[in-house]
Amino acid sequence: MKFLKQPITLLGVALVPILLSVAPAMSQETLKPLSPRFTPDPQVYSGKAGGDVPLQAIATSKANGSCQGLADQSPNHTLTILKNFGFLSLSVSGDRNLSLLVKGPDGIYCRSGKSPELSGAWVSGQYEIWVGTTNGDRANYQLSVSETSP
């Protein structure tokens, strides 16, 4: 038994760099799956914007809106919409201009500014959400999901 401890320890040490290299590829947070009349409204999450990949490269040429800024290759969040919404708003805010990129079953959408927002009818399905900054520098942000129109 004493001889087994060393190979197991070496295996654990060898796996650490591999696991650390995979971590950045995962999204920051999976959001709570939503159906109409969810509570509390709004759902609020936080994260770190920025990265080194142009949002235009993630969005491709099929995006609705202008994709400006830089973000991580993997999405900051994923959101599952369980039933269609007649109205849903997704917005980000922080202490600088941000960019919001959302890829979903009905298209790819981009918005930029002090508090970029995407709102309207949302169909059920899986959505990937990126939050970027103009120069790629990291910045804290708040993501708000609401079905109350302003």
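Residues numbered from 1 in each chain as written. Predicted model: local features only at pLDDT ≥ 70, side-chain atom pairs only at ≥ 80, totals over all residues. Heavy atoms only, no water.

This part takes up the environment of Gly 120. Locating Gly 120 in the fold gives a position in strand 9 (residues 117-122). In this structure the C-alpha to C-alpha distance between Gly 120 and Gly 86, which are 34 residues apart in sequence, comes to 6.9 Å. Contacts of Gly 120, omitting those with residues within four sequence positions, involve Gly 86, Phe 87 and Leu 88. (Helix = DSSP H or I, 4+ residues; strand = E, 2+ residues; numbered from the N terminus. Contact = heavy atoms within 4.5 Å.)

A separate point is the nonpolar core. Leu 79, Leu 90, Val 102 and Trp 122 are the most contacted members of the largest nonpolar core, which has 22 residues in total. Breaking this core down by element, the ones donating at least two residues are strand 2 (43-49), strand 5 (77-81), strand 6 (85-94), strand 7 (98-104), strand 9, strand 10 (125-133) and strand 11 (139-146). Once residues within four sequence positions are removed from consideration, Val 102 is found in contact with Leu 90, Gly 107, Ile 108, Tyr 109, Leu 118, Trp 122, Tyr 127, Glu 128 and Ile 129. Listed in part, the ten residues of the second largest apolar core include Leu 55, Ile 58, Cys 67 and Ile 108. (Core = buried A, V, L, I, M, F, W, Y, C linked by side-chain atoms within 4.5 Å. Buried < 20%, exposed > 50% of the residue type's maximum accessible area, 1.4 Å probe, protein only.)

The next thing to look at is the sheet that holds strand 2. With respect to topology, four strands assemble into an open sheet ordered 2-11-6-9, the strand pairing being antiparallel. Across the chains shown, the open sheet's two edge strands, defined by having one partner strand only, are strand 2 and strand 9. Going across the sheet, the axis of each strand differs from the next one's by a mean of 20 degrees, ignoring polarity. Here strand 2 runs beside strand 11; their pairing, made up of seven bridges, is antiparallel. (Pairing = 2+ DSSP bridges. Axes fitted to C-alpha atoms, helices over the stretch in contact; angles between N-to-C directions.)

Before going further, it helps to spend a moment on the confidence of the model for the protein chain. Per-residue confidence for the protein chain gives a mean pLDDT of 85; residues scoring 70 or more make up 81%. In the predicted structure, residues 7-26 sits below a pLDDT of 50 and forms four contacts with residues beyond four places in sequence or in another chain. (pLDDT = per-residue confidence, 0-100.)

All right, on to unusual backbone geometry then. With an omega of -10 degrees, the peptide bond between Thr 39 and Pro 40 qualifies as cis. Inspection of the secondary structure puts Pro 40 in the loop between strand 1 (29-30) and strand 2. In this model, Asp 41 is joined to Pro 42 through a cis peptide bond whose omega is 15 degrees. Assignment of secondary structure puts Pro 42 in the loop between strand 1 and strand 2. Notably, Arg 37 is not glycine yet its phi reads approximately 70 degrees, a positive angle.

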